[in-house]
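Examination of the molecular architecture
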Amino acid sequence: MLKFLIDADTGIDDSVAIYYALKHPNVRVVGITTSFGNTTAPQGAENSLRLIKMANPGYEVPVVVGENKPLFGDWHGPEYHIHGSNGIGGVEIPETDQKPLDMKAEDFIIQMAKEHGRELTIITLGRMTNLALALKKEPELPNMVKNVIFMGGTYKERGNVLPMSEANIFGDPEAADIVLQAGFDITMVGLDVTHKTQVTPEVLQKLLKYATPENKAFAEYIVKATNDVYFPFNHAQNNCLDRSPVHDPSALVYATHPQLFTTRKIPCRVECKGEYTRGMIVADLREYPMDAKYLNICVDVDNVRCLERIIATFTEKAFAIG
Ligand code: BDR
Ligand code: CA
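What counts, and at which threshold
Residues numbered from 1 in each chain as written. Chains lettered and ligands numbered in written order. Predicted model: local features only at pLDDT ≥ 70, side-chain atom pairs only at ≥ 80, totals over all residues. Heavy atoms only, no water. Near = heavy atom within 4 Å. Polar contact = N/O pair within 3.5 Å; in protein donor to acceptor, adjacent residues only side chain to side chain. Areas by Shrake-Rupley, 256 points an atom, 1.4 Å probe, with all protein chains shown as cover. 1 Å grid on protein atoms, 1.4 Å probe; cavity = no way out; pocket = protein on both sides within 12 Å on 5 of 7 lines; lining within 4 Å. Sits in = over half its atoms within 2 Å of the grid points. Helix = DSSP H or I, 4+ residues; strand = E, 2+ residues; numbered from the N terminus. Nonpolar A, V, L, I, M, F, W, Y, C, P; charged D, E, K, R; others polar. Phe/Tyr/Trp six-rings, centres within 6.5 Å; stacked < 30°, edge-to-face > 60°. Buried < 20%, exposed > 50% of the residue type's maximum accessible area, 1.4 Å probe, protein only.

**Remarks on the site of ligand 1**
Around ligand 1 lies a shell formed by Asp 13, Asp 14, Asn 38, His 83, Leu 125, Met 151, Asn 160, Glu 166, Ala 167, Asn 168, His 247 and Asp 248. Asn 160 places a side-chain nitrogen or oxygen 2.8 Å from an oxygen atom of ligand 1. Interatomic distance of 2.4 Å between a side-chain N/O atom of Glu 166 and an oxygen atom of ligand 1. Alone, ligand 1 offers 280 Å² of accessible surface; in the complex the protein occludes 94% of this. With respect to the pocket detection grid, ligand 1 is positioned in the largest pocket. If you list the elements that add at least two residues to the shell around ligand 1, you get helix 1 (12-23) and helix 7 (167-170). The class makeup of the residues in the shell around ligand 1 is 3 nonpolar, 5 polar and 4 charged.

Here it is as structure tokens:
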């Protein structure tokens, strides 16, 4: 059984990633902590709680509200034009009685590390602020858990905020650098692979058609949530192609099926200054590289099989996704 602690800014692609994990027969989600980004940390927690109810995993999944701003400076607020008014495309999914735990996200991360030890994988799908704060309190964290997998950054692919900067890293580069230099076994699932795995409205319509009864509600939600803002935004950002990159779910597929990805270990730092480069992952390929920890970077993916893995979570029939 794989044990995941997921830290997310629960927006549209985060919700697919979380649902994938909750439905996976070999995965136990030990908890969800939230951060700011696609939406606020409290709204992300509310979205996560409702998703848990919808997925009905058959076990308790605690949710904790995390930081709502980066380590330094302020946050300008959610990206309404990408993820809608509530982070999940403005769609109202059914409420739940479950409430977030009354504790700090960093304390919950440390508690889960103590409880699950070397079996625990920490997966971040947003800013790494909560994990950086946990490291400040417990610097031994890298020796306590199995590994960290994060969606964010880019190695050679173009960025989505600045030329070479991706949103999750750009949103709190100081936190990301603390995490990268802490000594974790750490893997980056960045834009090099998430831009390669793309989903179209047609695939989601097929998903709706073939979803098993228990996944119908989620399939309906994701079609609605992507319809109004997510696909139109991606249409505008991706040279008017009617398709969207599969960001956060790719990190979960890496966590369950790493064999679908090609990786390369390179010493890296995060650029924390730079008008045009803040949030860039600086990978040093020189013979005598700078003094930096090695980062395991996903440089390629079997994109068809990656998308198939995600779709198989919802359907019993296979269908052509090309
Ligand atoms: C990342 O930013 C957010 O919008 C997505 O949820 C994803 O985690 C992609 O750059
Ligand atoms: Ca995210």
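**Description of unusual backbone geometry**
A positive phi is found at Asn 56, a non-glycine position, where the angle reads about 45°. By the element assignment, Asn 56 lies in the loop between helix 2 (41-55) and strand 3 (63-65).

**Concerning the packing of aromatic side chains**
Taken as a whole, this structure holds 6 aromatic pairs when the rule is applied. For the ring pair Tyr 19 and Phe 218, a centre distance of 3.9 Å and an interplane angle of 15° mean the geometry is stacked. Pair noted here: Tyr 19 is in helix 1 and Phe 218 is in helix 11 (residues 216-237), with a separation of 199 residues, a long-range link. Pair check on accessibility: Tyr 19 and Phe 218 agree, each one buried.

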